Amino acid sequence: MPCYYSKTKLKQLNKQFNIPMARKPPPLPVATAVVCDKIAQDVHKRNSLNEIMKMISAEGQFAIPRSMTRAIMLDNDPIGFQLRYRANLTRKPRVVLTSRGINHEGSADGHEKFSSQALQMGPVGFGIYAFCDKASGRVLHGVVVPNARKATTIGHVYLDLASLRGVIFRQLTVDHSSETGDMYAVHIALRKTFAPDLDDTEWPPFVAIKSTSNITIENLWARWLKTDRRNCQTTIIQGRTNGLFNPLDEIDVNLFQWLWPQIVQQKLNEFIQYWNCHRVRSQKTKAMPSGTTPNDIYEDPESYGYEDLGIPVDIRASSRFVDDEFKAAAEEVYAELGSPELALECGWAIFGDMPSRLHNMLDTYSTY
């Protein structure tokens, strides 16, 4: 049941928990320092007024009014507004995105702007791979990988996602890249194992489309580009000229591959947290929910007319020989036998000593 508070009670709670409010902004010198700090981190000056405000708000320490933030940005970084201005461009026609529930359709894609070809710093480089839920827009998994174009790597990343969450999408949507082969095989196998009754016609398990049509994940990369990606890339390629990195030195190469993926992963984690908490602007013509955050939609789908269509999976079950009950009983009987050596010549002798005891312990099992 929803819980409603009076304005007086809300004011008391805001005061008790020191909730920042735009109506009571910090002093101008403090607000200027906070806004300028965000401006300084944006090397390419791509973060707009809205993005700066959202990033400050996401940190939970200050709430600075729009008018104050804009005035500070104009006074301290007037050129940023000019650089961000773009004339009308020919855009791809927009289509209405639809989804039948959370975990119905997951969008997956790689990001290769840190590859060796992109950095041009010799043999060093890495990639990023991420998964988004289409209905909510929530990023469910994003990880820096050695090579985002390698099928075995992406297959492992997908298994990590399934293992961490215990749920897979009914449909996985990707582009036509070659790295999705192993992920396709894993997804199909898991779906057939844990949801064998699903009709592939009604619920397609795997769909490959043009990269530009995979809107959910491509929109994520566009936002990542504006907030952190350009800044990360510009900082990394300083190694071309700062005299600290030698691409012919094996130590330097290995140190680069050890250090920078960790730094970018940290920035990616911060971006994912920001993205999942940001409020999507209200859109009356949008078929999916708006005016709220991806986290709110994903955690409470019923309030937005959705249901959870995910398929529960147990990764261990797909790689174990017997169920947990039998395993525990067999290990107990084996211990009672003195844990004899599992030698080839002893196999049938151990086998012959165990069935009678197991039958006494496991009433749920019967002979055929």
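Look above for the structure.
Okay, the overall build of the protein next. A count of helical and extended segments in the protein gives 14 helices and seven strands. Here the protein has a C-alpha radius of gyration of 27 Å; the compact-globule value for 368 residues is 21 Å, and the former is much larger. Seen along its three principal axes, the alpha-carbon backbone of the protein occupies a region of about 85 × 65 × 45 Å. Out of the 368 residues in the protein, the part that is buried amounts to 39%. Here the analysis covers contacts within the protein between residues at least 6 apart in sequence; of these, 67% occur between residues at least 24 apart. When the accessible surface of the protein is split by element, carbon and sulfur atoms take 54% of a total near 22,500 Å². Between the mean site of the 42 positive side-chain charges and the mean site of the 41 negative ones, the protein shows a separation of 17 Å.

Taken in spatial order, the five strands line up as β3-β2-β1-β5-β6 in an open sheet, and their pairing is mixed. Two strands close off the open sheet at either side, each with one partner strand: β3 (139-145) and β6 (206-208). Each strand of the sheet is rotated relative to its neighbour by a mean of 15 degrees, with strand direction disregarded. As paired elements, strand β2 (residues 127-133) and β3 share six bridges and run antiparallel to each other. The residue of β3 that forms the bridge with F131 is H141. In the packing of helix α7 (residues 151-165) onto the sheet, contacts are made with β2, β3 and β5 (171-174), and the angle to β3 comes to roughly 140 degrees. Strands in contact with helix α8 (residues 181-194) are β1 (105-111), β2, β5 and β6; relative to β5, the strand with the most contacts, it is inclined by about 170 degrees.

Time to look at the nonpolar core. Core analysis: the largest hydrophobic core is formed by 32 residues, its most contacted members being F131, Y158, I168, L172 and M183. Elements with a minimum of two residues in this core: β2, β3, α7, β5, α8 and α11 (294-299). In terms of residues, this core owes the most to one element, α7, which gives five residues. With sequence-adjacent residues up to four places away left out, F131 is seen in contact with S107, A108, R138, V139, L140, H141, V157, Y158, L161, F169, L172 and M183. Counting 26 residues, the second-largest nonpolar core is a separate cluster that includes F114, W224, I236 and I272.

Quick look at the side chain of D109 now. Mapped onto the elements, D109 comes out in strand β1. A polar contact is formed between the side chain of D109 and the side chain of W221, at a distance of 3.3 Å. Sequence-distant contacts of D109, defined by excluding residues within four places in its chain, comprise I128, Y129, A130, D175, I217, E218 and W221.

It is worth spelling out the environment of F62 at this point. With respect to the helices and strands, F62 occurs in the loop between α3 (49-59) and α4 (66-76). In sequence terms F62 and I19 are 43 residues apart; their C-alpha atoms lie 8.6 Å from each other. Ignoring sequence-local partners within four residues, the contact set of F62 consists of P20, P26, V30, V34, I56 and S57.

As enumerated under the stated definition, the model contains zero disulfides in all. A disulfide-free cysteine, C132 has its sulfur positioned 14 Å from the sulfur of C277, the nearest such atom. According to the relative accessible area criterion, C132 is buried, its value standing at 0%. Not part of a disulfide, C232 finds its nearest cysteine sulfur in C132, a span of 18 Å.

Quick look at empty space enclosed by the protein now. Inspection of every chain in the model, using the stated rule, returns one cavity of 30 Å³ or more. By volume, the largest cavity amounts to about 40 Å³. What lines the largest cavity is simply I39, D42, N47, I52, M73, D77 and R84. Tallied by class, the residues present in the lining of the largest cavity amount to three nonpolar, one polar and three charged.

Here we come to the pairing of β5. Across the two faces of β5 the burial is the same, with Q171 and T173 and L172 and V174 all buried. Note that β1 and β5 share three bridges and pair parallel. Residue pairing for β5: E105 is matched across the bridge by Q171. Bridge count between β5 and β6: three bridges; the pairing is parallel. Residue V174 lies in a different strand from β6, and its bridge partner there is A208. Remark: the β5/α8/β6 crossover connection has right-handed handedness.

Thresholds applied
Residues numbered from 1 in each chain as written. Predicted model: local features only at pLDDT ≥ 70, side-chain atom pairs only at ≥ 80, totals over all residues. Heavy atoms only, no water. Helix = DSSP H or I, 4+ residues; strand = E, 2+ residues; numbered from the N terminus. Rg over C-alpha atoms; globule rule 2.2 N^0.38 Å. Buried < 20%, exposed > 50% of the residue type's maximum accessible area, 1.4 Å probe, protein only. Contact = heavy atoms within 4.5 Å. Areas by Shrake-Rupley, 256 points an atom, 1.4 Å probe, with all protein chains shown as cover. Lys, Arg positive; Asp, Glu negative; His and termini not counted. Charge placed at Lys NZ, Arg CZ, Asp CG, Glu CD. Pairing = 2+ DSSP bridges. Axes fitted to C-alpha atoms, helices over the stretch in contact; angles between N-to-C directions. Core = buried A, V, L, I, M, F, W, Y, C linked by side-chain atoms within 4.5 Å. Polar contact = N/O pair within 3.5 Å; in protein donor to acceptor, adjacent residues only side chain to side chain. Disulfide = S-S within 2.5 Å. 1 Å grid on protein atoms, 1.4 Å probe; cavity = no way out; pocket = protein on both sides within 12 Å on 5 of 7 lines; lining within 4 Å. Points joined across faces, edges and corners; volume = space filled by probe spheres on them. Nonpolar A, V, L, I, M, F, W, Y, C, P; charged D, E, K, R; others polar. Right-handed = clockwise from strand over helix to strand, strands pointing away.

The values reported here are purely geometric and, on their own, carry no functional implication.
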